[in-house]
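Residues per chain are reported as follows:
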Amino acid sequence: MLNGLIGDEAQVEKDVDDSTERSSKRKSRSPSGKKFNYVYYDPEMHWCPVCNEFPATTKDYLTHLHSPGHHKMAAAHMEAPWHSVPCMNERFPNYPSAPTKRTPIRGLQFFVPSTAWYCKLCDQFIGDLHCASAHLESIVHSKNYTNFVEQNPHWETDWMSDRQKAFEKSRANAKMEEKPQYTAHTITFCKDGFHTKTQKDSPPPTSSTEKKRKKEKKKKKGKKMRAVSSSSNSSSSSSDSD
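In this numbering scheme, every chain counts its residues from 1 along its sequence in written order. It should be noted that, the model being predicted, local features are given only for residues of pLDDT at least 70 and side-chain atom pairs only at 80 or more, the latter also being counted only at that level, while totals for whole chains, interfaces and linings use all residues. Hydrogens and water are ignored here; the side-chain numbers use all heavy atoms of the structure.

A. Local environment of the overall build of the protein. Runs of H or I in DSSP of at least four residues are treated as helices and runs of E of at least two as strands, each being numbered from the N terminus. In terms of regular secondary structure, the protein is built from seven helices and four strands. Seen in sequence order, the protein has helices and strands lined up from the N terminus as α-α-α-β-β-α-α-α-β-β-α. Remark: exposure states derive from per-residue accessible area (1.4 Å probe, protein chains only) relative to the maximum for the residue type, with buried under 20%, exposed over 50%, and partly exposed in between. Within the protein, buried positions represent 10% of all 242 residues. Two residues qualify as a contact provided that any one of their heavy atoms is within 4.5 Å of a heavy atom in the partner residue. Taking the intrachain contacts of the protein between residues at least 6 apart in sequence as the baseline, contacts between residues at least 24 apart amount to 31%.

Below, the structure written as structure tokens:
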């Protein structure tokens, strides 16, 4: 009887253990109930490969896309992905045997100019900076981006490596374009002493300029000697007349 009781209790304990294991497995499979308040920030890692420029912020990048310089550089291969979107501007059907009917274009008064962008991931137009920031933080855009990255796992690393190479190349070109500044000191003789003045971006003195300066100094000395001699001759002539 005791063995039978012990066996029954052991069977009950096994059943309890199995039920706890099943519940733990279900809990592990079920998603966690944690909720987050997403706060988006600007990573400041932007790059325009067409112009090879690196805007500092998202706003700078969006304004750069509408700049005259970007339009000039991208005129040869300007993208228009909205042309392939179906049912965007569906026209009336064209029947070959039907007669033509002239109809004026109406509703142009409702057109409003806007600085728009087009998101290729979401196939959506964005009219201003406010809508652009709202779209970048939207659920649809984040889901489309995660799906794109899952389908192209090496896209982010390849883009970052290409950006780093372009950034280093642009910095090297900027350093090569910079010219070294030469500071020349001019010394002036005064009663109080010597005074020096620095002149930036002036070329170093060459041999020809030094020769010209020496010639000018010799001419000045010759003029002074002539003036002194003429004054001495005039004084001697006046003494002789006395």
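B. Main features of the UniProt feature "domain: U1-type" (unreviewed entry) in the protein. The feature "domain: U1-type" (unreviewed entry), as annotated in UniProt, sits at residues 43-77 and 114-148 in this numbering. The span residues 114-148 carries 51% helix and 17% strand; its end-to-end C-alpha distance comes to 29 Å. UniProt positions are given in the numbering used here, feature names are shortened, and annotations may be inferred rather than shown by experiment.

C. Spatial organisation of the environment of M45. With respect to the element layout, M45 can be found in the loop between α1 (2-29) and α2 (58-65). Its relative accessible area of 32% is what places M45 among the partly exposed residues. On a C-alpha basis, the gap between M45 and M160 in space is 8.7 Å, while along the polypeptide they are 115 residues apart. Not counting residues up to four positions away in its chain, the partners in contact with M45 are W159, M160 and R163.

D. Region of interest: the side chain of H135. Tracing the chain through its elements places H135 in helix α4 (residues 129-136). Dropping the residues within four chain positions of it, H135 is found in contact with C119, C122, Q124, I126 and H141.

E. Region of interest: the packing of aromatic side chains. Centres within 6.5 Å are what make two rings of Phe, Tyr or Trp a pair, Trp counting through its six-membered ring; a difference in plane orientation under 30 degrees is then read as stacked, over 60 as edge-to-face, and the rest as tilted. All told, the structure shown has five aromatic pairs when counted by the stated rule. Taken together, a centroid distance of 5.2 Å and an interplanar angle of 90° make the contact between F54 and F167 edge-to-face. Of the two residues, F54 is situated in the loop between α1 and α2 and F167 in helix α6 (residues 155-177); the sequence distance between them amounts to 113 residues. Residue classification places F167 among the partly exposed residues on the basis of a relative accessible area of 28%. Joined through ring pairs, the aromatic side chains of Y145, F148 and W155 make up one cluster. In this structure, R163 packs its charged tip against the face of F167, placed 5.9 Å from the ring centre. The rule is short: NZ of Lys or CZ of Arg within 6 Å of the ring centre and within 35 degrees of the ring normal puts a charge over the ring.

F. Expanded view of a positive patch on the surface. Exposure above 30% relative accessible area and no salt bridge define the residues that can form patches, which grow by joining like charges within 9 Å and nonpolar side chains of Val, Leu, Ile, Met, Phe, Trp and Tyr within 5 Å. Areas reported here follow the Shrake-Rupley algorithm with a probe of radius 1.4 Å; residue values treat only the protein chains shown as occluding. We define a salt bridge as a contact between a side-chain nitrogen of Lys or Arg and a carboxyl oxygen of Asp or Glu at a distance within 4 Å. Think of it this way: Lys and Arg go in the positive column, Asp and Glu in the negative one, and His and the chain ends go nowhere. By convention, the point assigned to a charge is CZ for Arg, NZ for Lys, CD for Glu and CG for Asp. A cluster of basic side chains, namely K212, R213, K214, K215, K217, K218, K219, K220, K221, K223 and R226, defines a positive patch on the protein surface. Position of K218 among the secondary structure elements: in helix α7 (residues 207-241).

G. Main features of the state of the cysteines. Pairs of cysteine sulfur atoms within 2.5 Å are identified as disulfides in what follows. Taken as a whole, this structure holds zero disulfides when the rule is applied. Of all cysteine sulfurs, the one in C51 lies closest to C48, which takes part in no disulfide; the gap is 4.0 Å.

H. A look at the nonpolar core. Side-chain atoms within 4.5 Å are what join buried Ala, Val, Leu, Ile, Met, Phe, Trp, Tyr and Cys residues into a set we call a nonpolar core. Formed by L62, W117, C119, C122, I126 and A132, the largest nonpolar core amounts to six residues. The residues touching A132, leaving out its near neighbours within four places in the chain, are L62, W117 and I126.

I. Main features of a nonpolar patch on the surface. Where nonpolar side chains cluster on the molecular surface, the patch consists of F36, Y38 and Y40 and spans about 430 Å² of accessible area. Following the sequence through the fold, Y38 ends up in the loop between α1 and α2. Among the residues examined, Y38 registers a relative accessible area of 67% and is labelled exposed.

J. Highlighting unusual backbone geometry. The phi torsion at E44 lies on the positive side, around 60°, for a residue other than glycine. With respect to the secondary-structure elements, E44 resides in the loop between α1 and α2. Non-glycine residue D123 carries a positive phi angle of around 55°. Relative to the helices and strands, D123 is located in the loop between β1 (117-119) and β2 (124-126).

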